[in-house]
Each structure stands twice: as structure tokens, then as C-alpha cells.
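# Summary of structural features
What follows is each chain in one-letter form.
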Amino acid sequence: MRLPYGPNWYAATMGTGIVAVVLPGLPFRVPGAMPLALAFWVAATALLAATVTAMLLGIRQERSLLRRHYDDPVMSHFYGAPAMALMTVGAGAVGVGQDVLGADTAVALAAALWAAGTLLGLWTAIAVPYRAITRHGVADDSATGGWLMPVVPPMVSATTGAALVPHLPAGQPRETLLIVCYAFFGLTVIAGLLVLNQLWQRLVRHGALAPATLPTVWIVLGFLGQSTTAVHHLGVLAPSVVPEYGHALGMLAVCYGVPVWGFTVLWTALALALTVRQVRDGLPVAPTWWSFTFPVGTVATGSSALAAATGLALFEIAAGLATLGLLVGWFAAAYATLRLFADQPVTAVPLPQGRQSQMEMQH
């Protein structure tokens, strides 16, 4: 049997691209950080191209492939991954790709990927919950961290959109994009808290997730860390873009970010304890191992943001530790992927009709 294409494979692009975003933004100097970040950005770009190619080949062989994934109560949630993969590569283009592409080309590429990722992310934030409400059979113990995937992309739009605000003309265009990014921030914060509550209740009432899906508990960190990062990047711009109330928005970076960072520490400890427990019992190699990467990377960017906002060494240390965790997680996920490819080469040929999500998640 061969590995089928699925939207969950875009997580590899996310997990690789976030390294290129984290390294240049650390609140301390790391020798060789920029060349390493560039290498990760190039790798993420190549992974994005490869995954899109696999998707197109799969659609060519079966027109209903995307629809079947959308109808699947497990795989449909991972439609948030392509949107975030697009914007992660775009963010890397602005952050480290300018030396290769040139400033104008890098910004144009980032804007195009941001627009495409934002539109797709808004679709997933609406369409996937709608499908779950109207068509999917959802049991009390169905919730996983993957449920956050379709609602987090607008938060990534808020974070990466902040980098594009200064490139727009002053006045209405710049102010509109800033406020829209704040609206994206609010969309994900409220929707994310609703999903997080469901995941918390599932864990408390039914115990740890199934071994293959347990790594998805780390996805919660992506919601928490990305929101802390977004509110900081937007807050830095707000006083100059909307001076009438920009100072209040700027203060939100600390007023929101510090309490959320505290809960992030709690959830990190909980996720780590559950993972160590499962490793002792046997943690099956699966694409879900990429959950160890992007979410941890957002904890690094969020901690770096708070370090910039407060000047505290506490957040600098946290950013460094999260970056080390990100690199460890990346190597673990890369190892898992190589194992999967060695055992069962990936192909664009879809699985036979029928319920397939559990097999895709396990392999």
C-alpha cells in the first residue's frame, strides 16, 4: 500500500517554513541564523511546490478527491494547512528571501501568497465547521487538536498581513488592512477558544487521544503563540497607522500577550507530559508528528514578540528554549516522514472509496 495525498501533508511546509520565520526574529543574535533560515525557506518552498503537484496529480486521477477529503470528518479539518503553508512561505519571502528575489519581487510574492492563503483560510474557517454541523457524525470523544486547523488560518493572515501594511499607501488602504487584520485576530481568538474548550473536555472526560493523533495536542500552541505574535506585530504598527486609538491597540500586545503566554506554558507542560507518556507506550510514526513544529515555532515568535515589547530576559530565554524545541521537533518530524516514504512511498493515487481518514492519519 502507498501513502495517499491528503491536505495534512501541507503541515510539512508549515513546519519547515516556520523555522525560516523564527530564526531572524529572535531577540538575540545567533551566528549563521540568516543563512540557515534561508535554507529552510528554500526547502519549504520546494515542499509547497511538491505538495501542490501531488494534489493536482491526485485531482487529475480522481476529480472527487478534494470533495472526499472535505466530506471526511477527520481529514476535512486539515484543509486549514494549505492556507497556512502558503502564508508561511510568503512570510519567509519577506523575512529572508529578499536577498535572493529582490525586495520588490519578495513583497509581491508574499502579497500573492497572503491573498491566496487568506481567501482559502476564510473558506476553511466557515466551510469546515459548517460541514461538521450539517453532515459529519461527531461523537463526544471526537475532538482532537486538529479541530483548530480550519480556524487558525485567519490568525496567520493577521500576523503575516502586518508585514504588508507598510507597503500600502498611507491613509485608507493602510488603515483598512490593519483593521481587517485585527478582525482576523478576533475571529480566531473567539473560534479558537470555543474549540479549545471542546478539546479540554474531551481530554478530561475520555482520556488521552489515540496514539496516532496524540501529537495534535501541540496544535493548541499554534493558536496561542500565533495570537500573541499577531497582536504584537499589529500593535507596533497601530500608533502610526491609526493614531486616534493606536496606542490602545499597542497596549493590547502586552495586556493580551502576557496572560496568554502564561496559559501557553501550562499547555506546553501538559502536551509534553502526554507525549512522553505515549512515547513510553509507543508513539506510532505518522504525519501528525509535524504538529511538533509549527505550533512550537509560534511559541518562539510569541515569546520574541513579548521580549521586544517588555525588554525582559524571561521572554528571551523562553524564545530560545522554544526555538530549540522547534528544531528538535523538526528533526523528529523529518525522521518520521523519511520513515514513511521509505516504507510506503507517497503517491497521488487516492485510496479506494470509503472511510479512509484513519488510515491516512496513521500512515
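Calculation criteria
Residues numbered from 1 in each chain as written. Predicted model: local features only at pLDDT ≥ 70, side-chain atom pairs only at ≥ 80, totals over all residues. Heavy atoms only, no water. Helix = DSSP H or I, 4+ residues; strand = E, 2+ residues; numbered from the N terminus. Expected span 1.5 Å × (residues − 1). Axes fitted to C-alpha atoms, helices over the stretch in contact; angles between N-to-C directions. Parallel < 35°, antiparallel > 145°, perpendicular 65-115°, else oblique. Left-handed = near helix turned anticlockwise from the far one by under 90°. Contact = heavy atoms within 4.5 Å. Nonpolar A, V, L, I, M, F, W, Y, C, P; charged D, E, K, R; others polar. Bend = angle between axes of the 7 residues up to and from the residue. Buried < 20%, exposed > 50% of the residue type's maximum accessible area, 1.4 Å probe, protein only. Core = buried A, V, L, I, M, F, W, Y, C linked by side-chain atoms within 4.5 Å. Phe/Tyr/Trp six-rings, centres within 6.5 Å; stacked < 30°, edge-to-face > 60°.

## Brief notes about helix α8 (residues 172-206)
Over its 35 residues, α8 runs 50 Å from end to end, which matches the ideal 51 Å to within 8%, given 1.5 Å per residue. Once α8 ends, the next one or two residues include G207, with phi positive near 85°.

## Some points on the packing of helix α9 (residues 219-241) against helix α11 (residues 294-310)
Their axes nearest at 7 Å, the elements α9 and α11 cross at an angle of 30°. By the angle between their axes, α9 is roughly parallel relative to α11. For α9 against α11, the interelement crossing comes out left-handed. Facing I219, L221, G222, G225, Q226, T228, T229 and H232 of α9, the residues of α11 in contact are F294, P295, T298, V299, T301, G302, A305, L306, A308 and A309. Of the residues that constitute the contact of α9 with α11, the class distribution is nine nonpolar, nine polar and no charged.

## Structural notes on α9
In this model, α9 (23 residues) spans 32 Å end to end at C-alpha, consistent with the 33 Å of a helix rising 1.5 Å per residue. By the largest-angle criterion, G235 marks the main kink of α9, which is about 30°, and a proline, P239, follows within four residues. With 19 of 23 residues buried, α9 lies mostly within the body of the structure.

## Some words on the packing of helix α10 (residues 246-281) against α11
To describe two helices that pack against each other, one gives the angle between their axes and the distance between the axes. Two elements in contact, α10 and α11, have axes separated by 10 Å at closest approach and are oriented at 135°. Taken together, the axes of α10 and α11 are oblique relative to one another. For α10 against α11, the interelement crossing comes out left-handed. Counting all contacts with α10, which are made through A253, V254, G257, V258, W261 and T264, the residues of α11 involved are V299, S303, L306, A309 and T310. Considering only residue class, the contact of α10 with α11 consists of seven nonpolar, four polar and no charged.

## Observations regarding the nonpolar core
In terms of nonpolar packing, the biggest core is built from 99 residues, with L148, L178, F185 and W267 touching the most fellow members. In terms of residues, this core owes the most to one element, α8, which gives twelve residues. One finds W261, L306, F315 and A318 within the second-largest nonpolar core, a separate group that totals five residues.

## Examining the packing of aromatic side chains
Under the defined criterion, the tally for this structure stands at eleven aromatic pairs. Consider the rings of W218 and F292, whose centres lie 6.0 Å apart with planes at 90°: the pair is edge-to-face. With a gap of 74 residues between them, W218 in the loop between α8 and α9 and F292 in the loop between α10 and α11 connect regions that are remote in the sequence. Look at W218 and you get buried, because its relative accessible area is 9%. Here the aromatic rings of W330 and F331 are separated by 5.2 Å at their centres, their planes lie at 85°, and the arrangement is edge-to-face. Residue W330 is classed as buried on the basis of its relative accessible area, which comes to 17%. A relative accessible area of 54% means that F331 is categorised as exposed. Chaining the aromatic ring pairs together yields one cluster made of F40, W330 and F331.

## Some remarks on the environment of V100
Tracing the backbone shows V100 in helix α5 (residues 98-101). In this structure V100 comes out as exposed when scored by relative accessible area, which is 55%. The spacing of V100 and P82 is 18 residues in sequence and 24 Å in space, taken between C-alpha atoms.

## Some remarks on the environment of A253
Residue position: A253 is located in helix α10. Note: C-alpha distance between A253 and A111 (142 residues apart in sequence) is 24 Å. When near neighbours in sequence (up to four residues on either side) are disregarded, A253 contacts V231, H232, V258 and L306.

Honestly, it's all geometry; don't read function into it.
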